[in-house]
Amino acid sequence: MLKLATLNTLRFKACLFSLLLVVAMCLFFILLGNGSLQSLLEKSRESRYLSFQKQISGLMVHSRQEAQRLAELVVHNERGRIASRDDLRKSMNRQWELLQHNWGLHSLKLYSGTAEPALTWGAPHSGLSRDEVRQVLLRGQPLERVYCEHTCVQSVALPVRASGGDYVLQIDRALSQLLERFRSMTGSEIGIISSERQPEYADGANYVERWQREVLALTSRDRLLPLLAQLAEREGLERLHFSRFFRFSNRQYDIRVMPVDVGGEGAHFIFIDDVTEEAKHISASVKLLLLFSILGALIFSAAVAGTLWRPIVRLRRLAQALPLLTNGRFDDARRLIQPVHKDLNKFDELDVLDNTGLTVCDQLEDMNDMVSRKTAQLEQIAMHDSLTGLDNRYSLLDQLEHYLNLQRRATTGQREQGYLFFVDLDDFKQVNDTLGHQGGDELLCVLARRLLSVMRCGDIVARLGGDEFCVFVRDLPEADAYRTLAEKMLNTVAQPVKIFGHLVAVTMSVGVVAIDEQGDTLEAILQKADMAMYHAKRNGKNKFQLFSPDLPESAELSSPESTPTSTKSSSTTKGAQNVATLELISSQPR
C-alpha cells in the first residue's frame, strides 16, 4: 500500500514524465545520429565503389598501354626497323620465356594476312578469327578484348606493317596481375567471377553452385572463397549491389560487383572490402551516444526531482494542514504551514498558497472562537433559565433521561436512589399583585439562590417556569435523607426577604418522588411529583409530600368543589384506609 502511495505522488510522476521525455528525446537524437552515420557510411560506400571502378578501369587502360609498348618493342629489331614475320618468329623462339617472365605474358600469337596458320607462344586458346585479323589490318587500329574461360586474359591485337608482308601481333596478359596491383593500391580484395556455366565445364574447387559461376581469379583465395560460398547462400549475385554488410568470421565485408566488358559473356569483377573497423566505429559511436543519453536523462531527472522536492514538500504540508483546520487544531496547522518571509511582489504560486493557508487558519480560528461563544450562549439560553440562571425544563429532562438510562443498565447492587422534588411557591400571585412583576422576579432570584445553597455539588436545581421549581438529587443512601433535605428547603425558603423595603415571607409546597423503579418513564416521574406537590398544597401548604401509590388521583384533588374535609368524607366511601395513610408534614418558618 505504501509502495502504491509512493507511485501516486506528484514527485514520482514528475520525475517519471521528465525521464520519459528525456528518453524520447535521446532516442530521437540517437536514431538521428545513427541515421546520419549510416548515411555517411552509405555515401562512403558508394564513393569507394566508384573509386574501385575507376581504379580497375585505369589499371586495365594502363595494362593495355603496356601491351602496346611491348608490341612495339617486339616488332622492332636491333637496327630499329620493323621485323618481318619470319624474323619475329625466330626472335620469339629465343626470347619467349624471358618475355613471359618479365612481362607476365599469358600468350603471344602472330597472324599473317594470308591463310597461313598463326604462330603461338604460350596458351593456344583465345585466338583471333580470320575476319578479326582482316579487320585489324584494314582498319589499322588495335583490337582489345578480354577473354574469361579458366582464367581472364586481356588481349591486345596490333597491326604491323612490314616489308615482308603485313601481319597481326596478339599479346595476351592475365588479369591476375591487375588484381594484385588493385589490392596493393586500395587495400581491398578483388576477384573475377565467370559467366554462368554448368558444373561439368568448371573447376569444382572454385565453383559457386548457387550462383552457377566459377571464381576465375581471387586475391586471398583460401580465406575469401568460403566467404563467397556462404554469401551465395543468402544473396544472388545481382542483389549484391543493394545488400548491406555481410558478416563472416566475426568480420564485416562490403561486397560489390562490376561487369567485365567481355562482349556479353557476363563475367564480373567482385570487390570485397573489409569494413569491420568502420562498423565498429559506428557501433561504438551509437553506444557512446546512448551512454551519454542515459547519463543525461538521469541527471535531468535528478535535477527535476531536486527542483520539485521542496515545492512538493510544501504542498504535502499544506495538504496535511488543511484537514487539521476542520478539527480545530490551528496551532498544529500553523507549524506545518511555514510563514513566507519575503516581499509580496516576490511571491510565487506556492508562497501565495502558504500565505493563503495561514490567512485561512487565522480566519477559521477567529470564526471557531466566535462560533464557540455563540454556541455557549445558545446552549446557555436553551438549557438555562434567563431570570435565575438555573437549569430550565429541557436541561432537567435531559439529565433525568440520562440518569434513567444509567439506572436501567446498572445492576441491582450498583443502582442509586435518586429523588425529584417538585416545588411550587404558595400564593406567589399576591406578591406580583403587591410588589409588581419586578419585585416578583427579584423574589424568584433570591429563592433560587437559597435553594442552591442547601443542595450538594452535583444536585440539579431547575426552574420549570413561573413559580415552579424542581430539585433533582442523584443519590441519597439513607432512607429518610429526603425528609431532612425537604425540611431544610422549606425552612430556608420561608425566611423573610426584603424586596423594595418590604419584608416578604413566602412558603412553598413540595412533592417528592423516589426514583427507584426501572419501569418508570420520564413523564410518569414528573406526573407523580406533581401529584405529590398538589397533595401537599391542598393539605395546608408549606409542606412536603412523598409520593405514594395510595395518593388520590390528581383529577379528584384538583376539583374546585373538593376541600380537605370533603376529601376525607368522600374517601370513606372509596378508600378510607388510603386517606388515613397519607403522611403530611408541616414546618413553620423560623
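Residues numbered from 1 in each chain as written. Predicted model: local features only at pLDDT ≥ 70, side-chain atom pairs only at ≥ 80, totals over all residues. Heavy atoms only, no water.

**Some thoughts on unusual backbone geometry**
Convention followed: To qualify as a helix, a DSSP run of H or I must reach at least 4 residues; to qualify as a strand, a run of E must reach at least 2; elements of each kind are numbered from the N terminus. Burial classification: accessible surface area is computed with a 1.4 Å probe over protein chains only, and a residue below 20% of its type maximum counts as buried, one above 50% as exposed, and the rest as partly exposed.
The backbone phi angle of Ser249 is positive, close to 55°, even though this residue is not glycine. Within the secondary structure, Ser249 sits in the loop between β9 (246-248) and β10 (251-259). By relative accessible area, which is 53% here, Ser249 ends up exposed. One non-glycine residue, Phe500, lies in positive phi territory at about 50°.

**Side note on the sheet that holds strand β5 (residues 167-174)**
Hydrogen bonds along the backbone pair up the strands of a sheet, which may run parallel or antiparallel. To be explicit about the condition: Note on pairing: two strands pair once DSSP finds at least 2 bridges between them. Axis lines are fitted to C-alpha atoms, over the contacting stretch for helices. Their N-to-C directions set the angle, which ranges from 0 to 180 degrees.
Judged by pairing direction, the sheet is antiparallel, and its five strands sit side by side in the order β2-β1-β5-β4-β3 without closing on themselves. At either margin of the open sheet sits one strand with a lone partner, and together these are β2 (119-122) and β3 (143-148). With strand direction ignored, the average angle separating the axes of adjacent strands in the sheet is 15°. Relative to strand β4 (residues 152-160), β3 is paired through six bridges, and the arrangement is antiparallel. When the bridges of β4 are listed, Val146 appears paired with Gln154.

**Some remarks on the confidence of the model for the protein chain**
Rules: Confidence scores here are pLDDT values: one per residue, from the predictor, ranging 0 to 100.
Averaged over every residue, the pLDDT of the protein chain is 81; residues scoring 70 or more account for 90%. Summarising per-element confidence for the protein chain, the mean pLDDT is lowest in helix α15 (residues 564-580) (31) and highest in strand β14 (residues 468-473) (94).

**Examining the pattern of salt bridges**
What counts here: Salt-bridge detection follows one rule: a side-chain nitrogen of Lys or Arg within 4 Å of a carboxyl oxygen of Asp or Glu.
Evaluation of the coordinates by the stated rule reveals 33 salt bridges. For Asp254, the salt bridge identified is with Arg48, shortest N-O distance 3.6 Å. With Asp254 in strand β10 and Arg48 in helix α2 (residues 10-75), this residue pair connects regions lying 206 residues apart in the sequence. Look at Asp254 and you get buried, because its relative accessible area is 4%. The salt bridge involving Arg64 is made with Glu144; its shortest N-O contact spans 2.8 Å. Here Glu144 lies in strand β3 and Arg64 lies in helix α2, a separation of 80 residues in the sequence. The partly exposed category is assigned to Arg64, whose relative accessible area is 25%. Via salt bridges that share partners, Glu42, Arg45, Glu46, Arg48, Asp254, Arg256, Asp273 and Glu278 belong to a single interconnected network.

**Thoughts on the packing of helix α7 (residues 276-326) against helix α9 (residues 349-383)**
Relative orientation and spacing of two packed helices are given, respectively, by the angle between their axes and the distance between those axes. What counts here: Roughly parallel refers to an angle under 35 degrees, roughly antiparallel to one over 145, roughly perpendicular to one between 65 and 115, and oblique to any angle outside these ranges. Whether a crossing is left-handed or right-handed is set by the direction in which the near helix is turned from the far one by less than a right angle, anticlockwise for left-handed and clockwise for right-handed. Contacts were defined at the residue level, with two residues in contact if any of their heavy atoms lie within 4.5 Å.
Orientation of α7 relative to α9, taken along the N-to-C sense of each, is 15°, at an axis distance of 11 Å. Considering the angle they form, α7 stands roughly parallel to α9. Remark: the crossing between α7 and α9 carries left-handed chirality. Residue-level inspection shows Pro311, Arg314, Leu315, Leu318 and Leu325 of α7 in contact with α9, the latter providing Leu350, Asp351, Leu353, Asp354, Gly357, Val360, Cys361 and Leu364.

**Let's talk about the packing of helix α11 (residues 428-453) against helix α12 (residues 481-493)**
Condition: Polar here means any residue outside two lists: the nonpolar Ala, Val, Leu, Ile, Met, Phe, Trp, Tyr, Cys and Pro, and the charged Asp, Glu, Lys and Arg; Gly therefore counts as polar.
For the pair α11 and α12, interaxial distance at closest approach is 9 Å and the crossing angle is 145°. When you trace α11 past α12, the crossing you get is right-handed. Contacts between α11 and α12 pair Leu447, Arg450, Leu451 and Ser453 from the former with Met489, Thr492 and Val493 from the latter. Each residue belonging to the contact of α11 with α12 can be placed in one class, and the counts come to four nonpolar, two polar and one charged.

**Considerations on the sheet that holds strand β8 (residues 213-218)**
The strand order across the open sheet built from six strands is β7-β8-β6-β11-β10-β9, with neighbouring strands paired in antiparallel fashion. Looking along the sheet, the strands with just one partner apiece sit at the ends: β7 (207-208) and β9. Note: strand β6 (residues 189-193) against β8, three bridges, orientation antiparallel. Of the residues in β8, the one forming a bridge with Ile192 is Ala217. Of the strands in this sheet, β6, β8 and β11 (268-274) are in contact with helix α5 (residues 176-186), which crosses β6 at around 155°.

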